Amino acid sequence: MTAEIIDGKKIAEKIINDLKSKVKNLKEKPGLALVLVGNNPASEIYVNFKEKDSKEVGLYCERFNLDKDINEMDLLKLVNDLNQKTNIHGILVQLPLPKQIDANLIIDSILPHKDVDGFTPLNLGNLVSENTILAPATARAVLYLIESTGMEIKGKNAVVVGRSNTVGKPTAMMLLEKNATVTICHSKTKNLAEHTKKADILVVACGKPRLVTKDMVKQGSVVIDVGINREGGKLIGDVDFESVKEVAGYITPVPGGVGPMTRAMLLQNTLKAMELAKR
Ligand code: NAD
């Protein structure tokens with residue numbers, strides 16, 4: 001058996017086209033502020049993509065490239081200014097931030113209804129209490145891709161490898177809300193394979209190239225690879241795609257799986273943020 005490949009790029013393209021037509025018909029354009037601190041090459045690439053996507057869809061986009069040595073107060077001031085601007089509906093501060101800056105403090109200073117990343121304590125708390133307002137784009141992307149297979153999530157064993165606040169935990173919460181039985185694994189989990197082998201739905205977000213191999217995967221399962229790792233100039237996931245596709249029912253590729261969908265979900269969140277501003 002060879003897994004069906006979930007084409008995240010194609011699904012994302014459709015979402016982006018729908019967004020384009022929606023934005024075209026809007027009198028006021030949704031506004032997104034992108035804040036990049038320093039020159040981490042991966043962060044620069046991500047912000048470039050986000051800027052390009054926003055423009056493509058017709059959003060109003062302001063980008064701030066800040067010096068790596070900026071102090072916390074100046075960054076807080078920028079976020080506060082953006083909080084006040086009526087033409088900015090979404091604010092995204094690209095993580096990670098340099099050491100001198102308390103990332104939690106900065107994220108916490110974004111108004112929750114402008115927090116298009118869904119990382120503020122209020123938005124994460126709302127996710128836990130099943131009262132979601134703005135949910136993290138990557139977790140939304142994962143859920144969308146699972147649902148695109150037609151598999152019902154209710155009652156399934158879902159295993160999430162990785163427990164970060166930005167990916168693993170929100171994904172696990174969203175799967176729980178859909179009534180999956182959820183196990184969260186992390187770097188201290190003993191015998192990872194014992195857990196992953198029971199997964200009808202396996203989401204891997206640990207940043208360890210090819211950690212999940214064929215022998216760790218249940219036959220016919222849905223495998224979503226969130227990982228982005230650079231190896232010899234190529235992007236690879238946390239799942240050993242070539243071997244795992246022999247046993248899984250569905251699998252996302254890297255690149256072309258979760259990545260493009262995360263980008264599309266961010267744009268959707270920005271439109272939602274504009275609706276929230278009107279309430
Ligand atoms: P992180 O470093 O914040 O968290 C990694 C998590 O993996 C931790 O909870 C850790 O306990 C767990 N982990 C590490 N080694 C493990 C192991 N051997 N076994 C089990 N668990 C282990 O990373 P993150 O921000 O959550 O991102 C995870 C991966 O997803 C990275 O590769 C990142 O680049 C990628 N990512 C992709 C997208 C996307 O849009 N595709 C978005 C965000 C992150």
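The structure presented is a predicted model; accordingly, all values stated were derived computationally and were not measured. (Residues numbered from 1 in each chain as written. Predicted model: local features only at pLDDT ≥ 70, side-chain atom pairs only at ≥ 80, totals over all residues. Heavy atoms only, no water.)

**Structural notes on the site of the ligand**
Neighbouring residues of the ligand: 20 residues in total, closest Arg163, Ser164, Ser187, Ile228 and Thr262. In this structure, an oxygen atom belonging to the ligand sits 3.0 Å away from a main-chain N or O atom of Ser187. Val226 is positioned such that a nitrogen or oxygen atom in its backbone is 3.3 Å from a nitrogen atom of the ligand. A total of 850 Å² of accessible area belongs to the ligand in isolation, and the protein chains cover 71% of it. (Near = heavy atom within 4 Å. Polar contact = N/O pair within 3.5 Å; in protein donor to acceptor, adjacent residues only side chain to side chain. Areas by Shrake-Rupley, 256 points an atom, 1.4 Å probe, with all protein chains shown as cover.)

**A closer look at the side chain of Thr262**
Topologically, Thr262 is positioned in helix H10 (residues 258-278). By relative accessible area, Thr262 is classed as buried at 18%. (Helix = DSSP H or I, 4+ residues; strand = E, 2+ residues; numbered from the N terminus. Buried < 20%, exposed > 50% of the residue type's maximum accessible area, 1.4 Å probe, protein only.)

**Structural notes on the nonpolar core**
Grouped together as the largest cluster of nonpolar side chains are 48 residues, with contacts concentrated most on Ile146, Leu175, Val203 and Ile224. Examining the composition of this core, we find that nine residues originate from one element, H10, more than from any other. Ranked by size, the runner-up nonpolar core spans 19 residues in total, among them Leu66, Ile70, Leu82 and Ile91. (Core = buried A, V, L, I, M, F, W, Y, C linked by side-chain atoms within 4.5 Å.)

**Re helix H2 (residues 41-57)**
A rise of 1.5 Å per residue sets the reference length of H2, with its 17 residues, at 24 Å; its end C-alpha atoms lie 25 Å apart and thus fit the reference within 8%. Every buried residue belonging to H2 is among Ser43, Val47, Lys50, Glu51, Asp53, Ser54 and Val57, and all of these are buried. Buried residues along H2 cover an arc of 165° about the axis, so they all sit on one side. Exposed residues on H2 whose side chains face more than 90 degrees from its buried face are Pro41 and Lys55. Residues of H2 that are buried sit in contact with helix H1 (8-24), strand E2 (31-37), strand E3 (60-66), strand E4 (90-93) and H10. The opening residue of H2 is Asn40, an N-cap whose side-chain oxygen sits 2.9 Å from the backbone nitrogen of Ala42. Just downstream of H2, Gly58 is the residue with a positive phi angle, here 95°. (Expected span 1.5 Å × (residues − 1). Arc of directions from axis to C-beta. Contact = heavy atoms within 4.5 Å.)

**Re the pattern of salt bridges**
In the structure shown here, the tally under the stated rule is 14 salt bridges. For the salt bridge of Asp53 with Arg263, the shortest nitrogen-to-oxygen distance reads 2.8 Å. Pair noted here: Asp53 is in helix H2 and Arg263 is in helix H10, with a separation of 210 residues, a long-range link. By relative accessible area, Asp53 is classed as buried at 3%. Two residues, Lys68 and Asp69, come together in a salt bridge whose shortest N-O distance is 3.5 Å. Judged by its relative accessible area of 46%, Lys68 falls in the partly exposed class. A network of salt bridges, in which partner residues are shared, links Glu51, Lys55 and Arg63. (Salt bridge = Lys/Arg side-chain N within 4 Å of Asp/Glu carboxyl O.)

**Observations regarding the pairing of strand E6 (residues 181-185)**
Two elements, strand E5 (residues 157-161) and E6, share five bridges in a ladder whose sense is parallel. What sits directly across from Val160, in E6, is Ile184. Handedness of the crossover is the feature at issue here: the chain leaves E5, passes through helix H7 (residues 168-177), returns alongside E6, and the resulting connection is right-handed. (Pairing = 2+ DSSP bridges. Right-handed = clockwise from strand over helix to strand, strands pointing away.)

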